[in-house]
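Here is what each chain is made of, one letter per residue.
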Amino acid sequence: IQELPLEVVQALRKAAAEHPSKQEPADGCAAAVTVAYAFAETIFIFPITPTTPLGETADQWAVAGKTNSFGVVPKVQQMQSEAGAVAGVHGTL
């Protein structure tokens with residue numbers, strides 16, 4: 001911060017004071033689903049053990065009516081196989 005111009009440092013400190021950071025620890029699944037949900041229109045899930053929280057969380061948020069960054073509740077579709085999930089994503093592109 002010392003290398004920045006004084007007015008930039010002051011602006012950063014003012015912004016930090018006005019908008020306190022809310023940081024929470026998160027695992028990889030929580031971080032990934034937060035970003036994916038925020039920008040997705042359709043979410044295809046195939047729950048497998050290591051990534052099951054991704055699908056469960058996205059589904060819970062959609063059922064609760066949580067909107068994404070565009071003000072839309074993404075449609076969550078559970079697929080029966082990995083191939084089905086891949087095909088769903090490919091079809092939306």
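See the structure shown above.
Residues numbered from 1 in each chain as written. Predicted model: local features only at pLDDT ≥ 70, side-chain atom pairs only at ≥ 80, totals over all residues. Heavy atoms only, no water.

Enquirer: Could you give an account of the overall build of the chain, naming the residues involved and the relevant values?
Expert: Assigned secondary structure in the chain consists of 4 helices and 2 strands. Of the regular secondary structure in the chain, the N- to C-terminal order runs α-α-β-α-β-α. Over its C-alpha atoms the chain spans a radius of gyration of 19 Å, topping by over 25% the 12 Å that the globule rule assigns to 93 residues. In terms of overall dimensions, the chain has C-alpha extents of about 55 × 30 × 25 Å along its principal axes. Across the chain, every contact between residues at least 6 apart in sequence was considered, and the portion connecting residues at least 24 apart equals 66%. Here the chain has roughly 7,100 Å² of accessible surface; of this, 59% comes from carbon and sulfur atoms. One way to put it: in the chain the 5 positive side-chain charges average out to a point 9 Å from where the 9 negative ones average out. (Helix = DSSP H or I, 4+ residues; strand = E, 2+ residues; numbered from the N terminus. Rg over C-alpha atoms; globule rule 2.2 N^0.38 Å. Contact = heavy atoms within 4.5 Å. Areas by Shrake-Rupley, 256 points an atom, 1.4 Å probe, with all protein chains shown as cover. Lys, Arg positive; Asp, Glu negative; His and termini not counted. Charge placed at Lys NZ, Arg CZ, Asp CG, Glu CD.)

Enquirer: Provide a residue-level description of the packing of aromatic side chains, including the pertinent values.
Expert: By the definition in use, this model includes 2 aromatic pairs. Geometrically, the ring pair formed by Tyr37 and Trp61 is edge-to-face, given 5.2 Å between the ring centres and 80 degrees between the ring planes. Placement of the pair is Tyr37 in helix 2 (residues 28-39) and Trp61 in helix 3 (residues 52-63), with a sequence separation of 24 residues. In this structure Tyr37 comes out as buried when scored by relative accessible area, which is 2%. A ring pair is formed by Phe39 and Phe70, whose centres lie 6.2 Å apart and whose planes are at 70 degrees; its orientation type is edge-to-face. With Phe39 in helix 2 and Phe70 in the loop between helix 3 and strand 2 (75-78), the pair connects residues that are 31 residues apart, well separated along the chain. The positively charged end of Lys66 is found above the aromatic ring belonging to Trp61, 3.6 Å away from the centroid. (Phe/Tyr/Trp six-rings, centres within 6.5 Å; stacked < 30°, edge-to-face > 60°. Buried < 20%, exposed > 50% of the residue type's maximum accessible area, 1.4 Å probe, protein only. Lys NZ or Arg CZ within 6 Å of the ring centre and 35° of its normal.)

Enquirer: Describe the nonpolar core, naming the residues involved and giving the relevant values.
Expert: Counting 8 residues, the largest nonpolar core is built from Val33, Tyr37, Ala40, Ile43, Ile45, Ala58, Ala62 and Val76. Looking at this core, the elements with two or more residues in it are helix 2, strand 1 (42-45) and helix 3. If we ignore the near neighbours within four places in the chain, the residues touching Ile45 are Gly55, Val76, Gln77, Gln78 and Met79. (Core = buried A, V, L, I, M, F, W, Y, C linked by side-chain atoms within 4.5 Å.)

Enquirer: Tell me what's going on with the pattern of salt bridges, and back it up with residues and numbers.
Expert: Under the criterion given, the structure shown has 1 salt bridge. Across the pair Glu18 and Lys14 runs a salt bridge, and its minimum N-O distance is 3.9 Å. Of this pair, Glu18 and Lys14 both sit in helix 1 (residues 6-18), 4 residues apart, roughly one helical turn. (Salt bridge = Lys/Arg side-chain N within 4 Å of Asp/Glu carboxyl O.)

Enquirer: Quick rundown of helix 3? Include the residues and the values.
Expert: With 12 residues, helix 3 ought to run about 16 Å at 1.5 Å a step, and its terminal C-alpha atoms sit 17 Å apart, in line with that. Those residues of helix 3 not exposed but buried are Thr52, Gly55, Ala58 and Ala62. The buried side chains of helix 3 occupy one side of the element, clustering within an arc of 145 degrees when seen end-on. Trailing helix 3 by a residue or two, Gly65 shows a phi angle of about 85 degrees, which is positive. (Expected span 1.5 Å × (residues − 1). Arc of directions from axis to C-beta.)

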